[in-house]
Amino acid sequence: MTVLWSRADLEAATSGRFPPSGAVTIAGTGVSIDTRTLRPGDVFIALIGENSNGHAHAAAALAAGAAAVVAHEPCGDDPRILKVDDTLAAMQGMARFARARFAGRMLAVTGSVGKTSVKDMLHAALSACGPTHCAVASYNNHWGVPLTLARLPAASAYCVCEIGMNHAGEIAPLAAMVRPDVAVVTTVAASHLGLMGSIDAIAREKAELLLALPAGGIAVVAAGIAGSDHFERNAAKARATLWRTGTTADCAAQAGDVAQDAQGSTFSLTLPDWQGVARVNAPGRHMADNAMLALAAAHAAGADMARAVAGLATFRPGAGRGALAKVMHDKVALLDESYNASPASVCAALDLLGLVATGRRIAVLGDMLELGAFARHEHASLLPAVRANADAVFCCGPNMKTLFDSLPPALRGAWAPDSTTLAPLVRTALRAGDTVMVKGSLGSRMRHVVAALQADDARVGPA
Ligand SMILES: Nc1ncnc2c1ncn2[C@@H]1O[C@H](COP(=O)(O)OP(=O)(O)OP(=O)(O)O)[C@@H](O)[C@H]1O
Ligand SMILES: [Mg+2]
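Residues numbered from 1 in each chain as written. Chains lettered and ligands numbered in written order. Predicted model: local features only at pLDDT ≥ 70, side-chain atom pairs only at ≥ 80, totals over all residues. Heavy atoms only, no water.

As a reminder of what qualifies: UniProt positions are given in the numbering used here, feature names are shortened, and annotations may be inferred rather than shown by experiment.
Per an unreviewed UniProt entry, the chain goes by UDP-N-acetylmuramoyl-tripeptide--D-alanyl-D-alanine ligase and derives from Komagataeibacter xylinus. For the record of the chain, the UniProt heading Subcellular location (unreviewed entry) holds the text "Cytoplasm". Listed in UniProt under the heading Function (unreviewed entry), the comment for the chain reads: "Involved in cell wall formation. Catalyzes the final step in the synthesis of UDP-N-acetylmuramoyl-pentapeptide, the precursor of murein."

Structure, rendered in structure tokens:
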């Protein structure tokens, strides 16, 4: 296996020191922050979390075959322990070091919703063109981004980072660490609106990513995005080129003939110096929009587009993000959207329900969280999308009560205070041929409803 972290590189990246006596060879082949998933050869970084201290697991990491342990608290005298001033700062140092030695193309994806979907689509598309390193899951914050970079093999052709935020000021330092050649902004919408205050403030924050582009870098931004001025201004400031993706003639990445079916979408795409037809095997207009962004970004990164298009076709929606399966002895189709929810993604999921359902359309909705003073209004404003795409609606949580009470009586299934109470009510109401879509914020625990629907299925496979 290729060595990712040598002794000299680790010391240089972190300004730390291994014990001078008994020098052992250090050959880290990976990076870990959790001994439960540590693989032999990993460099273990003992981070301090909200409810955990990695230093307590240093001995377990060494016993499990860690190549080195990065620590700032006393952890014994093993020659593999690298003493640093602060382990989070050390990981950030490793991130900057790994970024500096990387000669491939760096892509960064931000946005209110769709980051992981676009990142995973880019992974599928770029892996067909060359060795591609990608953030794991949604590793997009102050530890997820540096961890992704610290794991970046120098010889990769492409790296795709996901950059997220809950508060103002979080994007800029992460963007400066990533230094993207290509910056992608998926959407600006009401996620974390309670903390950010306004859609314009969210757009201003996302646009910070563009300031980290080099002169001549490319920003790929969805046409019609809210707060458009911020993206134009920051692209100009960075002397970067702005590519819009959309269906109008003024888009540098222009899609046409978008044909949607229950399995995905096919569209033609015209990019600067490239034209072709692409397919994304994830249904819903939002996934087609994400695919346009991913292909435009792949082209901006210099990828071979025939390969990228073929690679994209292997993408499948992730767990809780629109995966479709048969449940209740194959009688009911379940659209599992239980991973998370914001106003934009609930509307997208309702449209998806309308698109894929062949029988009754059942929506099961839990509270969208982190909307602060905007919560009532944002929940109530789902009404038109619900009326257009559902035949029966089940809700849980205090905020969804507002929506539920405003529904015409014919659409009202049931309301319950929480997902555990709601689950059996949904199950009892379902009939053969129904399609049920389950969505809510992570904290609303809608996975309990999904689990109740999957309960007695020996086999849970694609529909
Ligand atoms: N372009 C889009 N517009 C609206 N909804 C979308 C879009 N892309 C994805 N979604 C939906 O939003 C939810 C989250 O998707 P995804 O995980 O890709 O977003 P994310 O930005 O990475 O979220 P997180 O901030 O939680 O990491 C899913 O339910 C998905 O179907
Ligand atoms: Mg994500």
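Next comes the rest of the account.
### Observations concerning the pairing of strand 15 (residues 274–280)
Stated formally: When accessible area is computed with a 1.4 Å probe and restricted to protein chains, residues below 20% of their type maximum are described as buried, those above 50% as exposed, and intermediate ones as partly exposed. Secondary structure elements follow DSSP: runs of H or I of four or more residues count as helices, runs of E of two or more count as strands, with numbering from the N terminus. In short, DSSP must find at least two bridges between two strands for them to pair.
A one-sided burial pattern is seen for strand 15, the buried positions being Trp274, Gly276, Ala278 and Val280 and the unburied ones Gln275, Val277 and Arg279. Relative to strand 15, strand 14 (residues 264–271) is paired through seven bridges, and the arrangement is antiparallel. Residue pairing across strands places Ser265 opposite Val280, the latter belonging to strand 15. Connecting strand 14 to the next strand, strand 15, in antiparallel fashion are two residues, including Asp273 with a positive phi near 70°.

### With respect to the UniProt feature "binding site: ATP" (unreviewed entry) in the chain
Stated precisely, the cut-off is as follows: Contacts: residue pairs with any heavy atoms within 4.5 Å of one another.
As annotated by UniProt and renumbered to match this structure, "binding site: ATP" (unreviewed entry) occupies Gly111, Ser112, Val113, Gly114, Lys115, Thr116 and Ser117. Tracing the sequence through the fold places Val113 in the loop between strand 7 (105–110) and helix 4 (115–127). Looking at where Thr116 falls in the secondary structure, it is placed in helix 4. A relative accessible area of 7% means that Thr116 is categorised as buried. If we skip the residues at most four places from it in the chain, Thr116 touches Ala137, Ser138, Glu162 and Arg321.

### With respect to the coordination of the magnesium ion (ligand 2)
Short version of the rule: A donor here means any N, O or S atom no more than 2.8 Å from the metal (3.2 Å for Na, K and Ca); water is not included, so a site may seem to lack partners.
Only Thr116 (OG1), Ser138 (OG) and Glu162 (OE) from the protein coordinate the magnesium ion (ligand 2), and they sit 2.1 to 2.3 Å from it. Read in sequence order, the donor residues for the magnesium ion (ligand 2) give the motif T-x21-S-x23-E. Here Ser138, found in the loop between strand 8 (132–134) and helix 5 (144–150), pairs with Glu162, found in strand 9 (residues 158–162); they are 24 residues apart in sequence, far enough to count as distant. On the basis of relative accessibility, which here comes to 1%, the residue Glu162 falls in the buried class.

### Quick look at the packing of aromatic side chains
Put simply, the test is: Classification of ring pairs uses Phe, Tyr and Trp, with its six-membered ring standing for Trp, and accepts pairs whose centres are within 6.5 Å; under 30 degrees between planes counts as stacked, over 60 as edge-to-face, and the remaining range as tilted. Each ring is checked for a lysine NZ or an arginine CZ that lies within 6 Å of its centre and within 35 degrees of its normal; such an atom marks a charge sitting over the ring.
If you walk through the whole model with that rule in mind, you get two aromatic pairs. Pairing Trp5 with Phe97 gives two aromatic rings, centres 5.6 Å apart and planes at 40°, and the pair type is tilted. You can see Trp5 sitting in strand 1 (residues 5–6) and its partner Phe97 sitting in helix 3 (residues 87–101), a full 92 residues away along the chain. Overall, Trp5 belongs to the buried group, its relative accessible area being 0%. Phe97 sits in the partly exposed class, given a relative accessible area of 25%. On the basis of an interplanar angle of 65° and a centroid distance of 5.1 Å, the ring pair of Tyr139 and Trp143 is categorised as edge-to-face. One residue, Arg321, lies across the ring of Tyr339, its end atom 3.9 Å from the ring centre. A cation over an aromatic ring shows up here: Lys401 above the ring of Trp415, its NZ or CZ 5.3 Å from the ring centre.

### Comments concerning the UniProt feature "domain: Mur ligase central" (unreviewed entry) in the chain
Under the UniProt annotation, the feature "domain: Mur ligase central" (unreviewed entry) is placed at residues 109–298. Between the C-alpha atoms that bound residues 109–298 the distance is 12 Å, and the span itself is 35% helix and 26% strand.

### Regarding the packing of helix 8 (residues 199–207) against helix 9 (residues 228–238)
Between two packed helices, the angle of one axis relative to the other and the distance separating the axes together describe the packing. Put simply, the rule is: Lines are fitted to the C-alpha atoms to define the axes, a helix being fitted only along its stretch in contact, and any angle between axes, read from their N-to-C directions, falls within 0 to 180 degrees. Roughly parallel means an angle under 35 degrees; roughly antiparallel, over 145; roughly perpendicular, 65 to 115; everything else is oblique. Should the near helix be turned anticlockwise from the far one by less than a right angle, the crossing is termed left-handed; should it be turned clockwise, right-handed.
Running from N to C, helix 8 and helix 9 point in directions that differ by 20°, and their axes come no closer than 8 Å. One element, helix 8, and the other, helix 9, form an angle in the roughly parallel class. The way helix 8 lies across helix 9 gives a crossing that is right-handed. Taking contact as the criterion, the partners of Asp200, Ala203, Arg204, Lys206 and Ala207 in helix 8 are, on helix 9, His230, Phe231 and Asn234.

### A few points about the side chain of His55
Test applied: Polar contacts, as used here, are pairs of N or O atoms within 3.5 Å; protein pairs need one atom able to donate a hydrogen and one able to accept it. Residues neighboring in sequence count only if both atoms are side-chain atoms.
Here His55 shows up in the loop between strand 4 (42–45) and helix 2 (58–63). Polar contacts involving the side chain of His55 include one to the main-chain amide nitrogen of His72, which spans 2.9 Å. Reaching out from His55, the side chain makes a polar contact with the backbone nitrogen of Glu73 at a distance of 3.1 Å. Not counting residues up to four positions away in its chain, the partners in contact with His55 are Ala46, Ile48, Ala71, His72, Glu73, Cys75 and Thr87.

### Comments concerning the site of ligand 1
Threshold: Any residue with a heavy atom lying within 4 Å of a molecule or strand is counted as near it. The method behind every accessible area is Shrake-Rupley, applied with a 1.4 Å probe, and residues are considered shielded solely by the protein chains displayed.
Near ligand 1 you find 20 residues, and of these Lys115, Ser117, Arg321, Glu337 and Lys439 are the closest. Arg321 has a polar side-chain atom sitting 2.5 Å from an oxygen atom of ligand 1. Between Lys439 and ligand 1, the recorded distance is 2.6 Å, taken from a side-chain N or O atom to an oxygen atom. Taken by itself ligand 1 offers 640 Å² of open surface, and the protein chains cover 91% of this. Elements supplying a minimum of two residues to the shell around ligand 1: helix 4, helix 10 (285–300) and helix 12 (343–356).

### Description of the sheet that holds strand 15
Strand order in the open sheet made by the nine strands is 8-9-7-10-11-12-13-14-15, with mixed pairing throughout. Looking along the sheet, the strands with just one partner apiece sit at the ends: strand 8 and strand 15. Pairs of neighbouring strands in the sheet enclose a mean axial angle of 20°, with direction left out of account. Inspection of the sheet shows strand 7 paired to strand 10 (residues 182–185) by four bridges, in the parallel sense. When the bridges of strand 10 are listed, Leu107 appears paired with Val182.

### Looking at the nonpolar core
Short version of the rule: To define a nonpolar core, start from buried Ala, Val, Leu, Ile, Met, Phe, Trp, Tyr and Cys residues and group those joined through side-chain atoms within 4.5 Å. An automatic or database domain assignment supplies the residue ranges for each domain.
The biggest cluster of nonpolar side chains holds 63 residues, and the ones touching the most others in it are Leu210, Phe231, Leu365 and Val386. Top element by residues in this core is helix 12. It accounts for six residues. Two domains share this core, each providing at least three of its residues, namely domain 2 (102–312) and domain 3 (323–454). Apart from the residues lying within four places of it in its own chain, the contact partners of Leu210 are Ala183, Val185, Ala219, Phe231, Asn234, Ala235 and Ala238. Counting 44 residues, the second largest nonpolar core, distinct from the first, contains Met121, Cys134, Leu293 and Val309.

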